[in-house]
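# Structural overview for review
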Amino acid sequence: MKRNITFAFDLDNTLVKTDVANNNSYVDAIRVVTGRDITINPNIRFTKENLYSLLPDLPNDQMAKIIALKKELFSNHLASSVLNTELATILKMLFINGNKTILLTNSCKERANKVCSYYDLNKYFHNQYYFEDYDKNKYHFLNQKYNLESVVLFENESESINDAIKNGLIKNNINKPKTRIGEKLNGTPLFIVTLLIRRL
């Protein structure tokens with residue numbers, strides 16, 4: 001009999017490395033709107049805040065055009081994203097073995113669906129939750145719908161992990177995956193995770 005555990009997966013840079021796709025979308029959008037060619041540090045994730053700092057004198061209407069166009073162009077760069085194949089395998093094994101799996105992402109629904117569809121991940125989630133669903137943050141939202149003592153989380157960002165703990169998620173139930181293929185999951189080899197899944 002399965003234990004009543006919910007496995008929650010973050011998307012960006014947890015299940016799928018999306019920084020390059022995100023950054024290249026901004027580069028293209030800035031070029032189209034302003035005619036400027038910029039270079040973005042590949043080691044960071046470029047955000048709206050970075051855009052305001054980079055182009056502080058740009059009119060608000062052009063800022064808005066860049067942000068909107070960036071969203072449209074994201075699909076063109078999905079090929080430069082990278083699936084965390086080890087973690088994706090764990091997701092699929094959990095689902096196939098009858099465990100409850102959910103997507104819990106800060107991404108908007110449209111963009112998250114593009115990423116999940118590209119890697120054929122949508123069918124492995126019982127529920128999917130997006131930025132539009134949250135009134136405060138995704139862990140406050142999660143706490144309203146699930147017993148956090150029975151949630152196992154896969155999340156890569158330290159700040160987000162701290163938010164999860166503050167909202168009541170058990171620290172030992174949080175796994176911080178590596179994003180490089182072949183590396184261990186939070187120090188736990190895949191075959192041990194496989195054994196755990198079979199025992200649930």
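Now for a description of the structure that goes with this document. (Residues numbered from 1 in each chain as written. Predicted model: local features only at pLDDT ≥ 70, side-chain atom pairs only at ≥ 80, totals over all residues. Heavy atoms only, no water.)

### Things to note about the pattern of salt bridges
Operational definition: The working definition used for a salt bridge is a side-chain nitrogen of Lys or Arg within 4 Å of a carboxyl oxygen of Asp or Glu. Secondary structure elements follow DSSP: runs of H or I no shorter than four residues count as helices, runs of E no shorter than two count as strands, and numbering proceeds from the N terminus. Here the term buried applies to any residue with accessible area under 20% of the maximum for its type, exposed to any over 50%, and partly exposed to those in between, with areas from a 1.4 Å probe on protein chains only.
Scanning the entire structure with this criterion turns up 10 salt bridges. A salt bridge links Arg-45 to Asp-12, with the nearest nitrogen and oxygen atoms 3.7 Å apart. Here the residue Arg-45 occupies a position in the loop between α1 (19-34) and α2 (48-54), and Asp-12 occupies one in the loop between β1 (6-9) and β2 (16-17), the gap between them amounting to 33 residues. For Asp-12, a relative accessible area of 10% gives the class buried.

### Re the packing of α1 against helix α3 (residues 60-73)
Any two packed helices are characterised by the angle at which their axes cross and by the distance between the axes. Here is the rule we go by: Between N-to-C directions, angles cover 0 to 180 degrees, with each direction set by a line fitted to C-alpha atoms, over the stretch in contact for helices. Each angle receives one of four descriptions, namely roughly parallel if under 35 degrees, roughly antiparallel if over 145, roughly perpendicular if within 65 to 115, and oblique otherwise. Each crossing gets its hand from how the near helix is turned against the far one by less than a right angle, where anticlockwise is left-handed and clockwise is right-handed. Two residues form a contact once any of their heavy atoms are found within 4.5 Å.
Between α1 and α3, the shortest axis-to-axis distance is 8 Å and the interhelical angle comes to 135°. Of the possible angle classes, the one that applies to α1 and α3 is oblique. In the crossing of α1 with α3, the sense of the turn from one axis to the other is right-handed. Along its contact with α1, which presents Asn-22, Ser-25, Tyr-26, Asp-28, Ala-29, Ile-30, Val-32, Val-33 and Thr-34, the element α3 presents Gln-62, Lys-65, Ile-66, Leu-69, Lys-70 and Leu-73.

### Side note on the nonpolar core
Selection criterion: Take the buried Ala, Val, Leu, Ile, Met, Phe, Trp, Tyr and Cys residues and link them wherever side-chain atoms come within 4.5 Å; each set so joined is a nonpolar core.
Ranked by internal contacts, the top residues of the largest apolar core, which has 26 residues, are Phe-9, Leu-11, Leu-15, Val-16, Leu-121 and Phe-125. At the level of secondary structure, the elements contributing two or more residues to this core comprise β1, α4 (85-96), α5 (109-118) and β6 (151-154). Ignoring anything within four residues of it in the chain, the contact list for Phe-9 reads Leu-15, Leu-87, Leu-91, Leu-94, Thr-101, Ile-102, Leu-103, Leu-104, Phe-125 and Phe-154. In this structure, Leu-142, Tyr-146, Leu-148 and Ile-174 belong to the second largest nonpolar core, which totals 16 residues.

### Points about unusual backbone geometry
Even without being glycine, Asn-13 reaches a positive phi, approximately 65°. A relative accessible area of 6% places Asn-13 in the buried class. A positive phi is found at Asp-120, a non-glycine position, where the angle reads about 55°. Of the residues examined, Asp-120 reaches a relative accessible area of 43% and is grouped as partly exposed.

### Let's talk about the environment of Asn-4
Within the fold, Asn-4 resides in the segment before β1. When the C-alpha atoms of Asn-4 and Asn-99 are compared, they prove to be 8.3 Å apart, with 95 residues separating the residues in sequence.

From the geometry alone we can't say anything about function, so treat these as descriptive.
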